[in-house]
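For reference, the chains in residue letters:
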Amino acid sequence: MRMVLQPIVVTSTRIPTNDLFVSRSIDVIDEQTIQNSGAWCVEDLLQNGANVDVQSRGVFGVQTDVSIRGALYSQYLLLLDGVRLNDSQTSHHNFDLPVSPDQIQRIEVLKGPGSSLYGPDAFGGVINIITRVPAQTACRLNLSGGENGLVHAAGSYDYSSSGIHSSNTIEHRRSDGYHVDTDFQTTSISSNNTMDFPFGTCSLFGGYAQKAFGAFNFYGPSPSKEWTTTTFCHAAAQILVHGLLLQPKISYRRHNDKFMYDVRTPGQFVNIHTTNSSSGELHCIIPIDESSSLISGIAGTIDNIVSTNLHTHERSSLGILLSLQCVFRQRFLVDVGMREDFHSQYGRQLNPAMSVGVLFAQSAKVFVTAGRSFRAPSYTELYYSNPARIGNAGLKPETGWSTELGTEWYGGAQIKFSASCFERDQQNLIDYVKFTASDAVAQAANFATAVTRGLEAALQWQRGDDAEPEIIRSVQVRYTYLDSRIDRGSVYSSVYSFNHPRHQLNVDGSGYLPFLLHWTTNLTHKIKMDGTAFSLVDAKVSRDLSVATVFLQGTNLLNQSYEELTGVPLPGRWIWAGIEIKLL
């Protein structure tokens, strides 16, 4: 059990590096935090373990948007083991993931500009989900049930022998819903496999997920229904040749979306969309000396959509990357790079970035970062039309520059403090807007300019490995302040631009109660830009037995009435209980 706050190796900067020598802001949700959380989806892990704003439409992973540093829900990049997952139809589908928290080793959130490393979409940051390579054979069964007709069943099987490692899961959950038109049913199955060879490793991942859910007010003032399926697979390798590390990857993602705008008129406004995305990349890490490495690479993506509403479209992009990471005299940090993308619809985009830092006594650092990012409009923003919103085929890509000043300090093995102030100045921000109060339809449009400034800080404390089961074992406090200014021009109102909170405070804790009852809790307090505020408290209590773990868990224990997105009510107090049985 890792209960110390020593620096760890992170990979979101593309060159695996001890995070003490990384001159960027990175939040890491480690494996122990994931295991203790009881989360059923990646979105809940982000809510409880990273300095991001999770904006739920539906609970338990039904549909969720994420905002990093005040960026819109479409302005982050989601990766699985470094492979792109963003949906080209709409970023609302990014978290339609066929991956279980049980398969995740850690999640790295690289905050700030990421287009110099990963290409389009990475305005606010990059979320990289890193899967777990099992070290032993195991089999587990998880059964849960609770209020609102909630039922959850999951099984997993891990295999590890003779250089072959396999992690396999199947999950199903359903609920009658907490409000009219909020019922859901989801199923997923996935397999993650790694093979060790004398020259390196190869990995294969395949997964399938399907969802059926009520979409009350999701995209307009109506009771809606939505059905989605996601198929995702990728193959990757790490090949060591004469000191060079080659990293080839290929992937394929298929997403189907059927949406009924109003269940009261099921024969009208029913849309069916199918997107396909194929990508391939080859990167090479070249060690220059013990403290310097160079990475170069090429990546290409082709995606298309066939839709009853958006019609048929296809586009492609090709990116070329070069980045240098150096540590001078074990004190001075330099990371400089650029990526040039050639987009079939929007032409050439050059995105440079640079960060420099200084280490103090191998326990603290100060760093400065600057970089450019861009994002191409989604197919929905370009071509979609329903009674509440309409796309705009004339949209321009979003572009912008971000700067940051940050610091990080390790107080031995038990305390870590980090803080950053940042600014993002962007052009052609895309949102759905109304030009007058009487407009019935919101139209996708580019704003002239948008500036977001902010401050974030985090303090972590954990007891050491040899500590007895104390009532408090760990505490983490995270705070974010954001201020966004948008040149609205003649725009009367917008849909997504001010959804982020002005203030957000998260407090997480864990420890042991009498009788070895393990507890975890999370407090989230948000004050929105319009002054509305709410506080959410989630908690879990569990007891490990010889072959099983029993638990009691709840969300929104203060029974708050709240909305993350205007017009989409979220549930009050919700309690459930369950058991995890260790079969092997």
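The coordinates are above.
Residues numbered from 1 in each chain as written. Predicted model: local features only at pLDDT ≥ 70, side-chain atom pairs only at ≥ 80, totals over all residues. Heavy atoms only, no water.

### Here's the deal with the overall build of the chain
Note the cut-off: Only runs of H or I of at least four residues qualify as helices and only runs of E of at least two qualify as strands under DSSP, and these elements are numbered from the N terminus. Atoms considered for the radius of gyration are the C-alpha atoms alone. The globule rule reads 2.2 Å times the number of residues to the power 0.38. For every residue, the accessible area (1.4 Å probe, protein chains only) is compared with the maximum for its type, and the residue is labelled buried under 20%, exposed over 50%, or partly exposed between those bounds. Contacts are residue-level and defined by heavy atoms, with any inter-residue pair within 4.5 Å sufficient. The Shrake-Rupley method, run with a 1.4 Å probe sphere, supplies the accessible areas, and residue values consider only the shown protein chains as cover. When charges are tallied, Lys and Arg are placed among the positive residues and Asp and Glu among the negative ones, while His and the ends of the chain are skipped. Lysine's charge is taken at NZ, arginine's at CZ, aspartate's at CG and glutamate's at CD.
Along its length, the chain carries four helices and 37 strands. At 23 Å, the chain has a C-alpha radius of gyration in line with the 25 Å of a compact globule built from 584 residues. Over its C-alpha atoms, taken along the principal directions, the chain stretches across nearly 65 × 55 × 45 Å. For the chain, the proportion of its 584 residues judged to be buried stands at 55%. Once local pairs closer than 6 in sequence are excluded, the contacts in the chain between residues at least 24 apart make up 61%. If you sum the accessible surface of the chain, you get close to 22900 Å²; carbon and sulfur atoms cover 60% of it. Counting 45 positive and 54 negative side-chain charges, the chain places the averaged centre of each group 2 Å from the other.

### A short note on the environment of A437
If you trace the backbone, A437 turns up in the loop between β26 (430-434) and β27 (442-446). The spatial distance from the C-alpha of A437 to the C-alpha of S251 is 45 Å, given a sequence separation of 186 residues.

### Structural notes on helix α2 (residues 42-49)
Most of α2 sits inside the fold, with six of its eight residues counted as buried. Every buried residue of α2 is listed here: V42, E43, L45, L46, Q47 and G49.

### Overview of a nonpolar patch on the surface
Cut-off, in case you're wondering: In this scheme, patches are assembled from residues that exceed 30% relative accessible area and form no salt bridge. Like charges are connected within 9 Å, while nonpolar side chains (Val, Leu, Ile, Met, Phe, Trp, Tyr) are connected within 5 Å. We count a salt bridge whenever a side-chain nitrogen from Lys or Arg sits within 4 Å of a carboxyl oxygen from Asp or Glu.
Judged by side-chain polarity, L141, L143, Y157, Y159, I164, L583 and L584 come together as a nonpolar surface patch covering roughly 630 Å² of accessible area. Of all the secondary structure elements, the ones that give two or more residues to the nonpolar patch are β10 (138-146) and β11 (150-161). With respect to the helices and strands, Y157 occurs in strand β11. Since its relative accessible area comes to 35%, Y157 is described here as partly exposed.

### Topic: empty space enclosed by the protein
Once rolled over the atoms, a probe with the size of a water molecule shows which space is left empty. Convention followed: As defined here, a cavity is a set of points on a 1 Å grid over the protein atoms alone where a 1.4 Å probe fits but cannot get out. A pocket is an open set with protein on both sides within 12 Å along at least five of seven lines, and residues line them when an atom is within 4 Å of a point. Grid points are joined across faces, edges and corners, and a volume is the space filled by probe spheres set on the points. We call Asp, Glu, Lys and Arg charged. Ala, Val, Leu, Ile, Met, Phe, Trp, Tyr, Cys and Pro are nonpolar, and the rest, Gly among them, are polar.
Taken as a whole and assessed by the stated rule, the structure comprises eleven cavities of 30 Å³ or more. There is about 570 Å³ of room inside the largest cavity. Taken together, 39 residues make up the lining of the largest cavity; nearest its centre are R84, N86, D121, T301 and D303. Every element with two or more residues in the lining of the largest cavity is listed here: β7 (83-84), β16 (244-260), β17 (270-289), β18 (292-307), β19 (311-328) and β20 (332-343). A class-by-class count of the residues in the lining of the largest cavity yields eleven nonpolar, 16 polar and twelve charged.

### So, the pattern of salt bridges
This structure, assessed with the given rule, holds 33 salt bridges. The partner of E423 in a salt bridge is R453, with the nearest N and O atoms 2.7 Å apart. Of this pair, E423 sits in strand β25 (residues 415-427) while R453 sits in strand β28 (residues 449-462), and the two are 30 residues apart along the sequence. Overall, R453 belongs to the partly exposed group, its relative accessible area being 42%. The closest approach of N and O atoms between D508 and R478, which form a salt bridge, is 2.5 Å.

### Considering the packing of aromatic side chains
As a reminder, the rule being used: Any two of the Phe, Tyr and Trp rings considered here, Trp counted by its six-membered ring, make a pair once their centres fall within 6.5 Å; the pair's planes then place it as stacked at under 30 degrees, edge-to-face at over 60, or tilted in between. Think of it as a cone above the ring: NZ of Lys or CZ of Arg counts as a charge over the ring if it is within 6 Å of the ring centre and within 35 degrees of the ring normal.
Taken as a whole, this structure holds 16 aromatic pairs when the rule is applied. Their ring planes at 85° and their centres at 5.1 Å tell us that F60 and W574 sit as a pair that is edge-to-face. Of the two residues, F60 is situated in the loop between β4 (53-58) and β5 (63-67) and W574 in strand β37 (residues 574-582); the sequence distance between them amounts to 514 residues. Each ring, one from F213 and one from F218, has its centre 6.1 Å from the other, and the planes form 35°; the classification is tilted. In terms of burial, F213 and F218 fall into one category: buried. Site record: aromatic cluster; members linked through ring pairs are W40, F60, Y178, F184, W574 and W576. Lying over the aromatic face of F422, R69 brings its terminal NZ or CZ to 4.3 Å of the ring centre.

### Brief notes about the layout of surface pockets
Of the volumes computed, that of the second largest pocket is approximately 830 Å³. Taken together, 36 residues line the second largest pocket, and the ones lying closest to its centre are V495, N499, L565, T566 and G567. Contributing elements (two or more residues each) for the lining of the second largest pocket: β26, β30 (493-494), β33 (533-544) and β35 (563-565). The leading source of residues in the lining of the second largest pocket is β35, at three residues. Grouping the amino acids of the lining of the second largest pocket by side-chain chemistry returns 18 nonpolar, ten polar and eight charged.

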